[in-house]
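Residue-level structure breakdown
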Amino acid sequence: MPASPLPDRPLVLCISGHDPGGGAGIQADIEAVAAQGGRALSIITALTVQDTRDVARVDDVDARLIERQLDCLLADSRPAAIKLGLLGSADQAGVIAAAIERTGASVVIDPVLRAGGGSSLSSAATTRALLDQLFPLADVITPNAAEARILSGCGTRDAGATALLGTGCRNVLVTGGDEPGPSVENTWYRHDTEPGRYTWPRLAGGFHGAGCTLAAALAARLALGETMADALREAQRYTHAALASAVATGRGRLIPGRY
Ligand code: PLP
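Bear in mind that the values here come from a model prediction, so they are computed numbers and not experimental data. (Residues numbered from 1 in each chain as written. Predicted model: local features only at pLDDT ≥ 70, side-chain atom pairs only at ≥ 80, totals over all residues. Heavy atoms only, no water.)

Remarks on the nonpolar core
Stated formally: What we call a nonpolar core is a set of buried Ala, Val, Leu, Ile, Met, Phe, Trp, Tyr and Cys residues that are connected through their side-chain atoms within 4.5 Å. Only protein chains enter the calculation, and the probe is 1.4 Å; a residue is then buried if its accessible area is under 20% of its type maximum, exposed if over 50%, and partly exposed in between. For the purposes of this entry, the term helix denotes a DSSP run of H or I that reaches at least four residues, the term strand denotes a run of E that reaches at least two, and both are numbered from the N terminus. Any two residues having at least one pair of non-hydrogen atoms within 4.5 Å are treated as being in contact.
Formed by 40 residues in total, the largest nonpolar core has its most connected members in Ile96, Ile109, Leu134 and Val172. If you tally residues by element for this core, the top one is helix α3 (residues 90–102), at six residues. In contact with Ile96, other than residues within four places in its own chain, are Ile15, Ile66, Leu70, Leu84, Leu87 and Leu134. Formed by 27 residues, the second largest nonpolar core is a distinct cluster that contains Ala32, Val184, Trp188 and Ala219.

Points about the packing of helix α5 (residues 145–152) against helix α6 (residues 157–165)
Quick note on the threshold: Only the contacting stretch of a helix is used when fitting its axis, a line to C-alpha atoms as for every element, and angles between N-to-C directions run 0 to 180 degrees. Angle categories: roughly parallel below 35 degrees, roughly antiparallel above 145, roughly perpendicular from 65 to 115, and oblique for all the rest. When the near helix sits turned anticlockwise from the far one by under a right angle, the crossing is termed left-handed; a clockwise turn instead gives a right-handed crossing. Classes in brief: Ala, Val, Leu, Ile, Met, Phe, Trp, Tyr, Cys and Pro nonpolar; Asp, Glu, Lys and Arg charged; the others, Gly included, polar.
Here α5 crosses α6 at 60°, and the two axes come no closer than 9 Å. Taken together, the axes of α5 and α6 lie oblique to each other. Helix-helix and strand crossings are classified by hand; for α5 and α6 the assignment is left-handed. Facing Ala145, Ala148, Leu151 and Ser152 of α5, the residues of α6 in contact are Arg157, Gly160, Ala163 and Leu164. Taken together, the residues of the contact of α5 with α6 sort by class into five nonpolar, two polar and one charged.

Considerations on the pairing of strand β8 (residues 183–190)
Here is the rule we go by: Following DSSP output, two strands are said to pair if at least two bridges run between them.
Among the eight residues that make up β8, six are buried, leaving the element largely enclosed by the rest of the structure. As paired strands, β8 and strand β9 (residues 193–201) are joined by seven bridges and run antiparallel to one another. Bridge pairing in β9 links Arg190 to Thr193. Turn length for the β8-β9 hairpin, with the two strands adjacent in sequence and antiparallel, is two residues, and the turn residue Asp192 shows positive phi of about 60°.

Some words on the site of the ligand
Just so we agree on the cut-off: Distances are taken per atom, and a residue is near a molecule or strand as soon as one of its heavy atoms is within 4 Å of it. In protein, a polar contact requires one atom able to donate a hydrogen and another able to accept it; more generally it is a pair of N or O atoms within 3.5 Å, and residues adjacent in sequence count only if both atoms are side-chain atoms. Working definition of accessibility: Shrake-Rupley area with a 1.4 Å probe, residue cover restricted to the visible protein chains.
Around the ligand lies a shell formed by Gly17, Ala24, Gly25, Gln50, Val112, Ala115, Gly116, Leu121, His208, Gly209, Cys212 and Arg253. Between the ligand and the protein, one listed contact pairs an oxygen atom with a backbone N or O atom of Gly116 at 3.0 Å. One of the backbone N or O atoms of Gly209 is found 2.7 Å from an oxygen atom in the ligand. Contact with the protein chains covers 90% of the free accessible surface of the ligand, which is 390 Å². Of the residues belonging to the shell around the ligand, the class tally is five nonpolar, six polar and one charged.

Thoughts on the packing of aromatic side chains
Centre-to-centre distance and the angle between the planes together describe a pair of aromatic rings. Which entries qualify depends on this criterion: Classification of ring pairs uses Phe, Tyr and Trp, with its six-membered ring standing for Trp, and accepts pairs whose centres are within 6.5 Å; under 30 degrees between planes counts as stacked, over 60 as edge-to-face, and the remaining range as tilted. Our definition puts a charge over a ring when NZ of Lys or CZ of Arg is within 6 Å of the ring centre and also within 35 degrees of the ring normal.
Counted under the stated rule, the structure contains zero aromatic pairs. Note that Arg190 overlies the ring of Trp188, its terminal NZ or CZ placed 3.6 Å from the centroid.

Description of the side chain of Arg221
Within the secondary structure, Arg221 is located in helix α7 (residues 210–223). Within the structure, Arg221 has its side chain in polar contact with the side chain of Gln36 (distance 2.9 Å). If sequence neighbours within four positions are ignored, Arg221 has contacts with Gln36, Glu226, Ala231, Glu234 and Ala235.

Looking at the pattern of salt bridges
The line we're drawing: Here, a salt bridge means any side-chain nitrogen of Lys or Arg that lies within 4 Å of a carboxyl oxygen of Asp or Glu.
Taken as a whole, this structure holds 15 salt bridges when the rule is applied. Residue Arg39 is joined to Asp8 by a salt bridge in which the shortest nitrogen-to-oxygen separation is 2.7 Å. Of this pair, Arg39 sits in strand β2 (residues 39–50) while Asp8 sits in the segment before β1 (11–18), and the two are 31 residues apart along the sequence. Here Arg128 ties to Asp132 by a salt bridge, and the two come within 3.0 Å at their closest N and O atoms. Taken together, the positions of Arg128 and Asp132, both in helix α4 (residues 124–134) and four residues apart, correspond to about one turn of that helix. Take Arg128: its relative accessible area is 48%, and that puts it in the partly exposed class. Through salt bridges with shared partners, a single ionic network connects Asp230, Arg233, Glu234 and Arg237.

Some details on the environment of Val49
Among the secondary structure elements, Val49 is positioned in strand β2. Overall, the relative accessible area of 47% leaves Val49 in the partly exposed class. Residues Val49 and Tyr189, spaced 140 residues apart in sequence, show a C-alpha to C-alpha distance of 35 Å.

Below, the structure written as structure tokens:
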């Protein structure tokens, strides 16, 4: 029998919520990972009822089921990177943390607290579990400016990012798409180094799934072996291009053109 071919692309384990409209969540992850040249494995943390305008309902998946899925998957495959998006419950944090600790994968966490339409996507207990149990395991977290403020309790971007680095994560990319201004300012923070600053022209229109797209692309680029600096730059470049070719699949915000 001929030898089985090894995976042609690095595996990226995406752990995220499901958005039936395909703009955000696990579908955004799978598309963004594939577009970088990675292959996504997918575990769903929550099922949602939502459209391109807002989220109406979020039902978390049983943490025991996620634990069984992770055990089964990681006994069989070796992801080079893990991307975590929406955490469905505080109970899920422990089983995901235990799985992360068993792998040597790069870990990207996109904290998802609130939908672009304004609805809350994370309870106080779930947010606490994210901070205490998962951020210490992250190579990089990617909050937007509002999420950085909520998670850190700090008013300024610099102070907030410093507080978030204090949780144990190694890098923080604060994104500024949710702030006003003629350009989008993203800032890369790490320990003992001056922040790296990126400025992108602000594109017209509101977008749904931009954060998921960026974080999944970043995880895939780390899985491909890029340095953090290269992966951050290329994931932002890809996301900007995806937003520049976004489409209206519904009556609300635009969906990134990830293909
Ligand atoms: N639904 C799911 C499952 C998500 O993961 C996210 C964001 O990550 C959202 C909804 C909200 O996306 P947005 O803030 O881009 O509308």
